[in-house]
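# Per-entry structural report
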Amino acid sequence: MAPMHAIGIHAFWLWSAAVAGVALDYLLGEPRHAHPLVGFGRLAGWLERTFNRPDGRPGSRLLLGACGWCVLVLPPAIATQALVMALPLPLALLVHALLLYFTLGAQSLGAHVRPIAAALAAGDLPAARALTARIVSRDLDDADEAAVARAAVESTLENGNDAIFGALFWFAVAGGPGALAYRLANTLDAMWGYRTPRLLHFGRVAARADDVLNWLPARLTAISYALLGHSHDAFACWKTQARHWDSPNAGPVMAAGAGSLGVRLGGPARYHGHIEDRPPLGCGETAGDHHIIEAWRLVVRTQQAWLAFGAILPALTLASLL
């Protein structure tokens, strides 16, 4: 078989496994019992509490955090890679699909953000605050409707990259083990990657690793958001606003997403009792409940577009074999 045909056949099987993983996420949603990422998070929390001594020297805490990252991320990735290489193709594809299913969070994201929009639309601000607090780290006790809507839209756009498109990108690169390694690294960043006195040194490797792994997926996500909405505004916001954001990856994703939706995000937010005056993102309207739904729909359209784009090489290969 010609090398290009072999690549195309491999891409077809991998794309089929990706579709199966996305379908499982759509049909089953997040596992309600014994989710692997929940167990992983508990293990990561125990490891950090055990080895990240507040009285330790910065260099030692940095080294311990790096070792912890390697211990938690590399063995599962290596083990699952060995497994899929040892299995016959049908079983290997099943493992690829299951790994992608466990690393995707599309339906979980929708299940979290849609009720926020419904609560705001019904005028139930306390419920909207409580629901939004489940998916963001900022303080919302005295947030008004616009602040809650901004938080929900920002989380939807950013988590679209973190919980969906980053996993899909690394699945395309390295199959299920690649998606698993990415998701574990992203989870460690969410747990350890804060610039607090406790985590500044211990979590530095986790934060930098996530920056590297997410660099290209985030920009592909930003391009996708831009092309599937108000493209001119999205690219303009990305160009002028993203560089002012602290995160090198969240900036492009949220700036392009906000411009695509025609909504203004960013601005003041309270974290750990302190107000942070964050740079503005996007343009157009003040955030409201309908923007949360529009952001979720943008994420869904982007996922569909990625799957459609991923089918091009397999389709061309199969057509050439007919």
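Note that the structure is predicted; figures quoted are calculated from it, not measured.

With that settled, the discussion passes to the overall build of the protein chain. Along the protein chain, the regular secondary structure elements total twelve helices and three strands. By the compact-globule yardstick of 20 Å for 322 residues, the protein chain fits well, its C-alpha radius of gyration being 20 Å. Its C-alpha atoms give the protein chain principal-axis dimensions of roughly 65 × 50 × 40 Å. When each of the 322 residues of the protein chain is scored for burial, the buried share is 49%. The long-range share in the protein chain, meaning contacts at least 24 apart out of those at least 6 apart in sequence, stands at 72%. Accessible area for the protein chain stands at about 15,600 Å²; split by element, carbon and sulfur atoms hold 66% of it. For the protein chain, the separation between the mean place of its 24 positive charges and that of its 23 negative charges on side chains is 6 Å.

This part takes up the pattern of salt bridges. On inspection of all chains with the given rule, the structure shows five salt bridges. Across the salt bridge formed by Glu154 and Arg138, the nearest N and O atoms sit 2.7 Å from each other. With Glu154 in helix 7 (residues 145–192) and Arg138 in the loop between helix 6 (125–133) and helix 7, this pair connects stretches of sequence that are 16 residues apart. Arg138 carries the same exposure label as Glu154, and that label is buried. One salt bridge connects Arg208 with Asp211, and the closest N-O pair in it is separated by 3.7 Å. With Arg208 and Asp211 both in helix 8 (residues 204–227), this residue pair falls three residues apart, about one helical turn.

The next subject is the sheet that holds strand 2 (residues 274–282). Two strands in a sheet stick together by hydrogen bonds in their backbones, pointing the same way (parallel) or opposite ways (antiparallel). Within the open sheet, the three strands sit side by side as 2-1-3. Their pairing is mixed. Here the strands that pair on one side only, and so sit at the sheet edges, are strand 2 and strand 3 (285–286). Here helix 10 (residues 250–261) sits on the sheet in contact with strand 1 (263–271) and strand 2, set at roughly 55 degrees to strand 2.

Thresholds applied
- Throughout this document, residue positions are counted from 1 along each chain, in the order its sequence is written.
- Per-residue local features are limited, in this predicted model, to residues with pLDDT of at least 70; the limit for side-chain atom pairs, both in listing and counting, is 80 or more; totals at the level of whole chains, interfaces and linings are taken over all residues.
- Values reported for side chains reflect all heavy atoms of the structure, with hydrogen atoms and water molecules removed beforehand.
- Helix and strand definitions here come from DSSP, where helices need a minimum of 4 consecutive H or I residues and strands a minimum of 2 consecutive E residues; each element is numbered from the N-terminal end.
- For the radius of gyration, the atoms used are the C-alpha atoms, and the globule rule reads 2.2 Å times the number of residues raised to 0.38.
- Throughout, exposure labels follow a simple rule: accessible area from a 1.4 Å probe, protein chains only, divided by the maximum for the residue type, with under 20% read as buried, over 50% as exposed, and the rest as partly exposed.
- Any two residues whose heavy atoms approach within 4.5 Å are treated as being in contact.
- The Shrake-Rupley method, run with a 1.4 Å probe sphere, supplies the accessible areas, and residue values consider only the shown protein chains as cover.
- In this count, Lys and Arg are taken as positive residues and Asp and Glu as negative ones, while His and the chain termini are left out.
- Note that the charge is assigned to NZ on lysines, CZ on arginines, CG on aspartates and CD on glutamates.
- One speaks of a salt bridge when a side-chain nitrogen belonging to Lys or Arg is within 4 Å of a carboxyl oxygen belonging to Asp or Glu.
- Any two strands with at least two DSSP bridges between them are considered paired.
- Here the axes come from fitting lines to C-alpha atoms, over the contacting stretch only for helices, and the angles between their N-to-C directions go from 0 to 180 degrees.

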